[in-house]
Amino acid sequence: MMMKNESMMLLAVAVAISLYMVKKAKAATPSTTAPTRTTEIIPNGDANGWRYFSDGTAIGPDGVYYKGGNVIYNPNGTMPA
């Protein structure tokens, strides 16, 4: 009878650990909500040819993309070091 109680306790602990791991994995899964769309703040750009977007991206008149003051894309293929 003692062996059966120990086996039942081990089984109960294993189930509890498994449930905990599943719950933790579900909590770490990213949400499936749709991403927010970026919109242009000034449609068709300003008078100097700059375009500004709601995510902080700016595109200069030469086509260079900036975000946070840093070049993130240059159509000429040259990037700062």
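Our structure's up above, just so we're on the same page.
It should be emphasised that the depicted structure is a prediction, and the values quoted were computed from it without experimental measurement.

Engineer: Would you mind showing me how to read the packing of aromatic side chains here?
Structural biologist: Aromatic ring pairs are defined here through the distance separating the ring centres and the angle between the ring planes. Per the counting criterion, the structure on display carries 3 aromatic pairs. A ring pair is formed by Trp 50 and Tyr 52, whose centres lie 6.4 Å apart and whose planes are at 15°; its orientation type is stacked. On the accessibility criterion, Tyr 52 (30% relative accessible area) is partly exposed. With a centroid separation of 5.3 Å and 90° between ring planes, the pair formed by Tyr 65 and Tyr 73 is classed as edge-to-face. Grouping aromatic residues by their ring pairs yields a cluster made of Trp 50, Tyr 52 and Tyr 66.

Engineer: Looking at this structure, how should I read the pairing of strand E4 (residues 70-73)?
Structural biologist: On a regular strand, each side chain points to the face opposite its neighbour's, so the side chains alternate between the two faces of the sheet. Of the pairings in the sheet, the one linking strand E3 (residues 65-67) to E4 comprises 3 bridges and is antiparallel in character. What sits directly across from Lys 67, in E4, is Asn 70. The hairpin turn running from E3 into E4, its antiparallel successor, is 2 residues long, and Gly 68 in that turn takes a positive phi close to 65°.

About the criteria used
- Just so you know, the residues in each chain are numbered from 1, in the order the chain's sequence is written.
- pLDDT decides what is reported in this predicted model: residues at 70 or higher carry local features, side-chain atom pairs at 80 or more are listed and counted, and totals for whole chains, interfaces and linings draw on all residues regardless.
- With hydrogens and water stripped out, all remaining heavy atoms of the structure feed into the side-chain values.
- Only the six-membered ring of Trp is used, alongside the rings of Phe and Tyr, when aromatic pairs are assigned; centres must lie within 6.5 Å, and planes under 30 degrees apart are stacked while those over 60 apart are edge-to-face, with the rest tilted.
- Burial here depends on accessible area, computed with a 1.4 Å probe over protein chains only, as a share of the maximum for the residue type. Under 20% is buried, over 50% is exposed, and the range in between is partly exposed.
- If DSSP finds at least two bridges between two strands, the strands pair.
- For helices the rule is a DSSP run of H or I covering at least 4 residues; for strands it is a run of E covering at least 2, with both sets numbered from the N terminus onward.

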